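# Commentary on secondary and tertiary structure
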Amino acid sequence: MTEAVKTADVEELLRYTSIDELYGWEWEYAKEIEIRGKIGRDIIEEISKVKKEPEWMLRLRLKALELFNKLPVPKWLTGIEEIDLEEIAAYVKPRAELTKEWTDLPDEIRKAYEKLGIPEIEARFLSGLTAVYGSETVYSKMKEKLEEKGVIILPMEEAVQKYPDLLKRYFARIFPPSDHKFAALHVALWSGGAFVYVPKGVKIEQPIEAFFFIGGSLEGQFEHTLVVADEDSYVHFIEGCSAPLLKKYSFHDGMVELYAARNAHIKFTTLQNWSRDIINFNNKRGIAKENAIIEWTEGSIGSKITYTYPSTILAGEGAKTSNIVIGIANGPYLKDTGSKVIHAAPNTASRIISKSISNNGGINIYRGLVRINKGAYNSIANVECDSLILDESSMAYTYPHNQIEEPTATVSHEAKTGRLSEDQLFYLSSRGLSEGEAKSLIVIGMLKEILSDLPLEFVSILNRVIQLEFSEVGGIG
Amino acid sequence: MASEALDLLRFKGRDALNRIDYQKYGDSPTVKYYTKWKLFDKYLVNPGICTSIGLMVKSDFEKVGIWKYSAHEDIYPIGKLIRPDESKVIASHFASLRDSLVVEIRDAGDTEIKIGDGLGSSSIHARHIILIVEKRINANIIIDATNYENDALETLFIEGYLGKRSKVNLLVLNSPPSGTPSINIFRFALDSHASLNYGYIGSGGLMHHQDDLFILGEKAKIMAGAAFVSHRGRKIDYVSSVIHEGPGGESHLSSQGVIFEDGYGVARGMAKITRTGEWSKTVYEAGVVLLGEGGKGYVSPMLEIDTGNVLEARHEAKEASFGQDQLFYLMSRGLNLEEAKYLLTYGLLSSKISHLSEGLKEIADEYIKKLFLS
């Protein structure tokens, strides 16, 4: 018999004294299916068969496989050579059935979410939650009042079965597999994730969350999130990621596609706190139609290597986007982050803010692109990059590209890289703070753009994670 | 007397020419290359060796302590700062090279190096300058590359060494032929406390220009400003980079492109502070202004900082048409739209050479005006 769900997890979490305690060590969990080997037609067909997918989805996967085999590894990626795709599991189904009750989940899976306070946060602050463990969605629930308004929040597999027309229109269309090798790999192997549809005029007050957990070494996670916000609607989607400390690495290659119809507004917040054994590749792109707004906020705290570049195509007149990307590389880890915006319609506006902190030999890279197509009259784009290097062994690189083909557009870009000034440290230490505490305080200050939009419990957890990261026991060097 | 070193460089150039690419990596996630390298192809099939060096030094060099050599004399090494196996066009340059002009400045004074014709029937006209400024010397140098042949791929490479505590004002006026592609690669290495004030003004056809400035000694300083104009159908890729290897250095790089109707211009480059370059300061500014329909302007100012011990590192980019406020202000004082745009553009470009010595500034200013009249 399973235990009842605890309700005081957040407080417990805040009592942790080290980053290792927070993540915990890899534990065994029962697996129903595990598929690994050379990525080929056999594996794709097996995954599709397990999921009882319609023919059109299998065809899409096989087309993506073909592209994966043809496309070269992007030359600008560093560290990706560590991944041996034959070594990692392409699909892992835990021994757990999809449920709407936490108490139905096996103990070892439930405790992963409890440890992070997810059930408590869901009960108090979320409109809906999708929890993915390994390759499969194990929990999915939406508040009843949203159902009455016609909102759809479903595990992606269920959406493929129930809403094929909607899926065919958007799935892998906003971010096509032909974009690059890892987008193709994702579409070929995708499993788990959430589909959200917000009908015309519906504004969802509380956020929706999807939480992704990798439970074991040498596992691949390829979850797919698709959010379609119809005209005049509003939704805030929060994505969280975590994993315990693993014996070997695991690989995450997820995809997020957003479609904001006329006057719709989508906020998408990511709190990535993978353990130091995860190589994390993200494919994130949104399309904003006339007067629509897409806001990306990306907090990249954990992982061994992260590649993430949230992108928006401003496809309708008056569309706007704000992309905030924050990368923390504390230890010998790489954060290769950035943002892309394509202005493809008149009077569009974009803002990119990138903030990074490198410490203990950490490397932060910003790669950005702002493109203003011919005919995107009077468009405005603004880019700000702010990099902080906290010691002499850490690095920060900034690679922006601004491509302007419309003479009435205005684009500005500013970037600065600096160190923690002696004055700041002196001020903080004179108030009794240790160097670690001072550093975590500065980091929390840099994260304020993310924190201001989140429920208080999230903020408390994030603050604690950062304090542990920079504390003497938690600093990883 | 033939130089074995030059022969070896030509051999390496020919060997690399058929073996290596124009560049190893694309320039951005969406643009494979900012320079249209395909247009260089036909010139690289089988280049011959030039019949002259195509360079003239306009100076009473013995009187002002300027010494001129041939690379054949093997007094200063060639191909140290620019190696033949770096890229396809660099290989082609060395493969065609007749000789290098070596200019050694031993005393304060003015020097003008003028690009000349008469390089023969080779499909590549390769010009190469080794420029040495001895320690504690103040020098004004003009490189006039404004009026030359139009039937070959024109290459102009400079390897420059600035000695300890030398102070150099360098102005480059560059207008390569519009009908053929051209490539410039200028590399300068600065020793301790050396100072380089550099101004570049360019226009031209299909041009790839690259300035690579290396601060090797401690506390060296670079102020570099570049202005280029791209008219209809012209394609200019201006790349400017600085690398701080020596500690306590300062650099300020600023480049500005003006793109007219159907022109194409790129202002890009990198400021890098390595671990040994700690306590340095670098500021990088780049911008383009589009002054007509069909123009394309790309800007990419990059920063690579390898140490937290940095005084300041920042970059800025600005691309736009002129603000309505600025234009309105000028038009309310009686200027028509074209005159207002001209005035703003002129102001923008001349701000890039304001750090040069007075004499060079005047020459640069006249040249900017001439660019507009053409």
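All values derive from a computational prediction rather than experimental measurement.

Our next topic: the overall build of chain B. The number of helices and strands found in chain B is five helices and 18 strands. For 374 residues, the compact-globule formula gives about 21 Å, and the C-alpha radius of gyration of chain B, at 20 Å, lands near that figure. Along the first, second and third principal axes, the C-alpha set of chain B runs to 70 × 45 × 45 Å. A buried classification covers 55% of the 374 residues belonging to chain B. When contacts within chain B are restricted to residue pairs at least 6 apart in sequence, long-range pairs at least 24 apart make up 84% of them.

Before going further, it helps to examine the overall build of chain A. From N to C terminus, chain A includes 14 helices and 23 strands. On C-alpha atoms alone, chain A measures out to a radius of gyration of 21 Å, which is about the 23 Å that the 2.2 N^0.38 rule sets for 477 residues. Across the 477 residues in chain A, those meeting the buried criterion constitute 58%. Restricting the contact set of chain A to residue pairs at least 6 apart, pairs at least 24 apart contribute 82%.

The subject of this paragraph is the packing of helix α3 (residues 324–331) of chain B against helix α4 (residues 337–350) of chain B. All names here are of chain B. One can describe the packing of α3 onto α4 by two numbers: an axis separation of 9 Å at closest approach and a directional angle of 115°. The hand of the α3/α4 crossing is right-handed. The segment α3 lies against α4, with Gln326, Leu327, Leu330 and Met331 engaging Leu337, Ala340, Leu343 and Leu344. Considered class by class, the residues forming the contact of α3 with α4 number seven nonpolar, one polar and no charged.

Right, let's get into helix α12 (residues 435–446) of chain A. For α12 of chain A, with twelve residues, the first-to-last C-alpha span of 17 Å sits near the 16 Å given by 1.5 Å per residue. Of all the residues in α12 of chain A, the buried ones are Ala438, Lys439, Ser440 and Val443 of chain A.

Taken residue by residue, the interface counts 33 residues in chain A and 37 residues in chain B. Of all the secondary-structure elements, those providing two or more residues to the side of chain A that touches chain B are β20 (363–372), β22 (395–404) and β23 (410–419) of chain A. Broken down by class, the residue content of the side of chain A that touches chain B amounts to 14 nonpolar, eleven polar and eight charged. When β22 of chain A meets strand β17 (residues 296–305) of chain B, the two strands line up antiparallel, connected through six bridges. The partner of Gln403 of chain A across the bridge, within β17 of chain B, is Tyr298 of chain B.

The subject of this paragraph is the domain arrangement of chain A. All names here are of chain A. Segmentation of chain A into domains returns domain 1 (23–308) and domain 2 (422–477). Computed from C-alpha coordinates alone, the two centres of domain 1 and domain 2 are separated by 29 Å. Each partner contributes to the interface: domain 1 provides twelve residues, whereas domain 2 provides twelve residues. Listing elements by their share of the side of domain 1 that touches domain 2, those giving two or more residues are α6 (118–125), β12 (265–273) and β14 (293–300). Broken down by element, the residue count for the side of domain 1 that touches domain 2 peaks at four residues, all from β12. Per-class residue counts for the side of domain 1 that touches domain 2 are four nonpolar, five polar and three charged.

With that out of the way, let us pick up the pairing of strand β19 (residues 349–359) of chain A. All names here are of chain A. Along β19, eight of the eleven residues are buried, which leaves the element largely enclosed by surrounding structure. Note that β19 and strand β21 (residues 380–389) share ten bridges and pair parallel. Paired with Ser354 across the bridge in β21 is Cys385.

Time to look at unusual backbone geometry. Unlike most non-glycine residues, Asn291 of chain A shows phi in positive territory, near 55°. Structurally, Asn291 of chain A can be placed in the loop between β13 (278–288) and β14. The backbone phi angle of Arg136 of chain B is positive, close to 65°, even though this residue is not glycine. The residue Arg136 of chain B is located in the loop between β5 (124–133) and β6 (138–145) in this model.

Thresholds applied
Residues numbered from 1 in each chain as written. Chains lettered and ligands numbered in written order. Predicted model: local features only at pLDDT ≥ 70, side-chain atom pairs only at ≥ 80, totals over all residues. Helix = DSSP H or I, 4+ residues; strand = E, 2+ residues; numbered from the N terminus. Rg over C-alpha atoms; globule rule 2.2 N^0.38 Å. Buried ≥ 20, exposed ≤ 12 C-beta atoms within 10 Å, placed from the backbone. Contact = placed C-beta atoms within 7 Å. Axes fitted to C-alpha atoms, helices over the stretch in contact; angles between N-to-C directions. Left-handed = near helix turned anticlockwise from the far one by under 90°. Nonpolar A, V, L, I, M, F, W, Y, C, P; charged D, E, K, R; others polar. Expected span 1.5 Å × (residues − 1). Pairing = 2+ DSSP bridges. Domains from an automatic or database assignment.

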